[in-house]
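# Remarks on the overall topology
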Amino acid sequence: QVQLVESGGGLVQPGGSLRLSCTASGSIFSISPMGWYRQAPGKERELVASINPYGNRNYADSAKGRFTISRDNAKKTVYLQMNSLKPEDTAVYYCYLYSYKYYWGQGTQVTVSS
């Protein structure tokens, strides 16, 4: 089976930075699309960023200019560098990989608060 393991969440002050990582394992190709969703209490799930195997990236408007998604195909790992964090970025962040269906990480909590 495919497993996605996330790390890097935590508590930071507004304006701070975090780097999330998500590593996939199992019977998948290393060139699958990957990305990050987030969900805050009382809000809809939001696609934060995505990246295809060739490095093409898309961002939610709320993330543009502050977040950077990247990947290492050989390591089957996707990263999300988050800078200039705001309280409204507080959410559980879930990474995904698409290979015939969506596979999800366990979620990592990001809390931005003074």
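Use the structure listed above.
Residues numbered from 1 in each chain as written. Predicted model: local features only at pLDDT ≥ 70, side-chain atom pairs only at ≥ 80, totals over all residues. Heavy atoms only, no water.

## Details of the environment of Ser50
Within the secondary structure, Ser50 is located in strand S5 (residues 46-51). Taking the C-alpha atoms as reference, Ser50 lies 21 Å from Ser27; in sequence the two are 23 residues apart. The contacts of Ser50, once residues within four sequence positions are left out, are Met34, Gly35, Asn56, Arg57, Asn58, Ile69 and Tyr96. (Helix = DSSP H or I, 4+ residues; strand = E, 2+ residues; numbered from the N terminus. Contact = heavy atoms within 4.5 Å.)

## Quick look at the nonpolar core
One recurring pattern in soluble globular proteins: nonpolar side chains tend to sit buried together. Ranked by size, the top nonpolar core spans 27 residues in total, and within it Trp36, Phe67, Val78, Leu80, Met82 and Tyr93 carry the most contacts. Elements supplying a minimum of two residues to this core: strand S3 (18-25), strand S4 (34-39), S5, strand S7 (67-72), strand S8 (77-82), strand S9 (91-98) and strand S11 (108-112). When near neighbours in sequence (up to four residues on either side) are disregarded, Tyr93 contacts Glu6, Leu20, Trp36, Tyr37, Arg38, Val48, Phe67, Leu80, Met82, Gly107, Thr108 and Val110. (Core = buried A, V, L, I, M, F, W, Y, C linked by side-chain atoms within 4.5 Å. Buried < 20%, exposed > 50% of the residue type's maximum accessible area, 1.4 Å probe, protein only.)

Keep in mind these values describe shape, not function.
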